[in-house]
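Next come the chains, spelled out residue by residue.
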Amino acid sequence: LINTMRTNFAKLIERKASLGLLWVFLFCGFNSFAQPGHTCAEAISLSTGNCGVYDNTFVPGTMGASCFTGLIKSMWFSFVADSAGAIITVDGGNPQTMGRSSVAIFSNTGGCGGTFTELAGGCNNPNNNNSLINDSNLIIGNTYYVLVDGRGSVGSFNICLNLYSPEPIAPL
């Protein structure tokens, strides 16, 4: 009887230790598997004409644009301008799950350690899941940074970058 009790007690301790390690992994170690885009240094590179689906659920968030409100869960993207114009669209609606998408574009002469200047922002109204920004004053060859946020909501979203050459304005 005593040996059976010792065996059962050892199994109970072993089971609790396994659950404790699982708890530590899930709640403490999960951020060690963070996806790209959660900091400026890990910005996801965008290329013109390509769209991608991303998720900001486990992004710790670092900074927001002037119109980002609520829980800041901003993801970082970057691109090098090969044209003077850029249209960036973000869709957080069906089939995506983020909702309330917002997007902003920044310039920065010092890379991720420098000072960011917000060039344009597209913050939607609460009843719309799509955001769009259009900036036609980019400098060809410069790197630009894009932040995407759900303005308090998290989930998946689709982002597209289209670079274009703005039409010259005819003199009057």
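Residues numbered from 1 in each chain as written. Predicted model: local features only at pLDDT ≥ 70, side-chain atom pairs only at ≥ 80, totals over all residues. Heavy atoms only, no water.

## Re the overall build of the protein chain
Check the secondary structure of the protein chain and you find one helix and nine strands. If you list the helices and strands of the protein chain from N to C, you get α-β-β-β-β-β-β-β-β-β. Counting the 172 residues in the protein chain, one finds 34% classified as buried. Here the contacts in the protein chain between residues at least 6 apart in sequence split such that 76% fall between residues at least 24 apart. Accessible surface, the protein chain: about 10,000 Å² in total, of which carbon and sulfur atoms supply 59%. (Helix = DSSP H or I, 4+ residues; strand = E, 2+ residues; numbered from the N terminus. Buried < 20%, exposed > 50% of the residue type's maximum accessible area, 1.4 Å probe, protein only. Contact = heavy atoms within 4.5 Å. Areas by Shrake-Rupley, 256 points an atom, 1.4 Å probe, with all protein chains shown as cover.)

## Some points on the state of the cysteines
One pass over the structure, following the stated rule, counts two disulfides. The disulfide bridge from Cys40 ends at Cys112, spanning 2.0 Å between sulfur atoms. On the S-S bond that ties Cys40 to Cys112, the torsion sits near -80°, and the link is left-handed. Of the two residues, Cys40 is situated in the loop between helix 1 (2–27) and strand 1 (44–45) and Cys112 in the loop between strand 5 (102–107) and strand 6 (117–123); the sequence distance between them amounts to 72 residues. Residue class for Cys40 comes out buried when judged on its relative accessible area of 9%. Since its relative accessible area comes to 34%, Cys112 is described here as partly exposed. Here Cys51 pairs with Cys160 through a disulfide, and the sulfurs are 1.9 Å apart. Between Cys51 and Cys160, the S-S dihedral sits near 115°, and the bridge is therefore right-handed. (Disulfide = S-S within 2.5 Å.)

## Some remarks on the sheet that holds strand 7 (residues 130–135)
The strand order across the open sheet built from four strands is 2-9-4-7, with neighbouring strands paired in antiparallel fashion. Looking at which strands have only one partner, the edges of the open sheet turn out to be strand 2 (51–55) and strand 7. The average undirected angle you get between the axes of adjacent strands in this sheet is 20°. By the bridge criterion, five bridges tie strand 2 to strand 9 (residues 156–164) in an arrangement that is antiparallel. Along strand 9, the bridge assignment pairs Tyr54 with Phe157. (Pairing = 2+ DSSP bridges. Axes fitted to C-alpha atoms, helices over the stretch in contact; angles between N-to-C directions.)

## What to know about the nonpolar core
Counting residues in each nonpolar core, the largest one holds 23 residues, and the members touching the most others are Phe77, Phe79, Ile88, Ile105, Val146, Val148 and Ile159. Excluding residues that lie within four positions of it along the chain, Ile88 makes contacts with Phe79, Val103, Ile105, Ser131, Leu132, Ile133, Val146, Ile159, Cys160 and Leu161. Among the nonpolar cores identified, the runner-up in size contains six residues, and Trp76, Ala104, Phe106 and Leu147 belong to it. (Core = buried A, V, L, I, M, F, W, Y, C linked by side-chain atoms within 4.5 Å.)

## Description of the environment of Pro60
Position of Pro60 among the secondary structure elements: in the loop between strand 2 and strand 3 (75–80). Overall, Pro60 belongs to the partly exposed group, its relative accessible area being 47%. Taking the C-alpha atoms as reference, Pro60 lies 8.1 Å from Ile72; in sequence the two are twelve residues apart. Residues within four places of Pro60 in sequence aside, it is in contact with His38 and Ile72.

## As for the pairing of strand 4 (residues 85–91)
Taken together, the seven bridges between strand 4 and strand 9 define a ladder with antiparallel strand orientation. What sits directly across from Ile87, in strand 9, is Asn162. Where strand 4 and strand 7 come together, six bridges link them in antiparallel fashion. Its bridge partner lying in strand 7, Thr89 is registered against Leu132.

## Re the packing of aromatic side chains
One pass over the full model with this rule turns up eight aromatic pairs. On the basis of an interplanar angle of 85° and a centroid distance of 6.2 Å, the ring pair of Phe77 and Phe157 is categorised as edge-to-face. Highlighted residues: Phe77 in strand 3 and Phe157 in strand 9, separated in sequence by 80 residues. By relative accessible area, which is 0% here, Phe77 ends up buried. (Phe/Tyr/Trp six-rings, centres within 6.5 Å; stacked < 30°, edge-to-face > 60°.)

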